Amino acid sequence: MGTILNPLYFAVSWVMVAFHTILGLVLGKHSHESVKWSLSIIGLVVLIRIILIPLFVKQIKSQRSLTALQPHMKEIQKKYKDDRQKQSEEMMKLYKEHKTNPLASCLPILAQAPIFFSLFTVLNGIAKNHPHGVLRGDLLLSANEARFFGAKLSSTFLTSTNLTTKLVTVGLILFMSATTFTTQRQLMVKGMPKMDASNNMMLQQQKIMLYVFPVIFAVSGVNFPVGVLIYWSTTNLWTFGQQFYVIKRNPTPGSPAYEELQAKRAKKEGIELPAPEVGDTQVIDPIGQRQQPKKTAGKKKKRR
C-alpha cells in the first residue's frame, strides 16, 4: 500500500512545500514558520477543491437527475417489491436510459479520500521525524515545530498530553462537526425539492446524513492530527460556500431556493406569478420537526 501511495505522498508534500516557499517570499524565509505551514495546508485544500470543481458540477447534475427520477424509482420498487434482482435490473436500465449514475454524488468525497489519507500519513511522518516525499531535512524539522494556536500540526488529541493541544483539537473537532451539519442542513432546507409523504424514505436518508455524519467526525476526530483537522475544517467551509453559491444562483427546480429566485425575477420584471391550484397537499419539513397539511387556494373568478 505504501508503494501505491508514494506518488500521492510526494504530491501532497510537494504542494505543501511549494506554498511554504511562496509564503516565505511574503512573510520571510526564516520567520513565521507556524503560519506558513498552517496556510500551506489551507492552500492544499484550495488547490484540490479547484481541481475537483468538474466533479462537483457532475455531482449536482446527478443529484438533480436522481430527484427527477424518484417517481419512476418508486414505481419500480412497488412493481418488483418481491423480486430484488428484477428491481435492481430495472433500476440500472432506468439509470442507463437517463444517463444517470447514483455514485456520481459521492465523487468529490471519494476523490478527496486518497489526499486525506496521504496528508494523514505525511503529518504522522512529521511527528516521528520520518520523511515523506520532499519533506526532508530542514523542512521536516521546521514542519515538526510548526504550531496552530500553540498545538503542533502533527499532534492528535489522543497522543498529546499538552492541555493546549487538547483544547485546540476539541475546538477544531467541534467546528468540523458543526460545519458538516450546517452544510447538510443548508442543502435540505434550501436546495432540495419539496417532498410529500410519498418521499418519506428519501427524507429519512437525508436525516441520517444530517445527524450521523457530524457524530462520525466528532468520534473519529480524536485520532486526526491538528493539520488534518485544519484540512477537513477548511474543505467543509469551501463546500458550504460552493453549495451556497449554487443554491442561490442555480437552484434545483422545485426547491424553496428555486421558488424564491423565480419570485424575485418575476417581481423585478413586473410579472405576476400564477396562483396555485385549489387543493390540499401533505407537506413534510425536511428536518422532520413538523408535519402538517398545507392548504392552497386558487384565484376566485370575477362575476360579470
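The structure we're discussing is the one just above.
Residues numbered from 1 in each chain as written. Predicted model: local features only at pLDDT ≥ 70, side-chain atom pairs only at ≥ 80, totals over all residues. Heavy atoms only, no water.

**Q** How should I be thinking about the side chain of Lys36 in this particular structure?
**A** Topologically, Lys36 is positioned in helix α2 (residues 33–51). At 3.3 Å, the side chain of Lys36 forms a polar contact with the backbone oxygen of Ser31. (Helix = DSSP H or I, 4+ residues; strand = E, 2+ residues; numbered from the N terminus. Polar contact = N/O pair within 3.5 Å; in protein donor to acceptor, adjacent residues only side chain to side chain.)

**Q** Explain the packing of aromatic side chains here, please?
**A** Centre distance and the angle of the planes are the two values used to describe a pair of aromatic rings. Inspection of the entire model under this criterion finds 8 aromatic pairs. Seen from their ring centres, Phe116 and Phe224 are 5.3 Å apart, and the 80° between their planes marks the pair as edge-to-face. Of this pair, Phe116 sits in helix α6 (residues 107–127) while Phe224 sits in the loop between α9 (200–220) and α10 (226–249), and the two are 108 residues apart along the sequence. Each member of the pair Phe116 and Phe224 is classed as buried. Seen in terms of ring centroids, Phe217 and Trp232 are 5.7 Å apart; in terms of plane orientation they differ by 45°. Their pairing is tilted. Placement of Phe217 in helix α9 and of Trp232 in helix α10 is noted, with a sequence separation of 15 residues between them. Look at Phe217 and you get buried, because its relative accessible area is 16%. On the basis of relative accessible area, Trp232 is assigned to the buried category, the value being 13%. One aromatic cluster is present, built from ring pairs that chain together Phe116, Phe117, Phe120, Phe217, Phe224, Tyr231 and Trp232. Above the face of the Phe157 ring, Lys166 is positioned so that its terminal group lies 4.2 Å from the ring centre. (Phe/Tyr/Trp six-rings, centres within 6.5 Å; stacked < 30°, edge-to-face > 60°. Buried < 20%, exposed > 50% of the residue type's maximum accessible area, 1.4 Å probe, protein only. Lys NZ or Arg CZ within 6 Å of the ring centre and 35° of its normal.)

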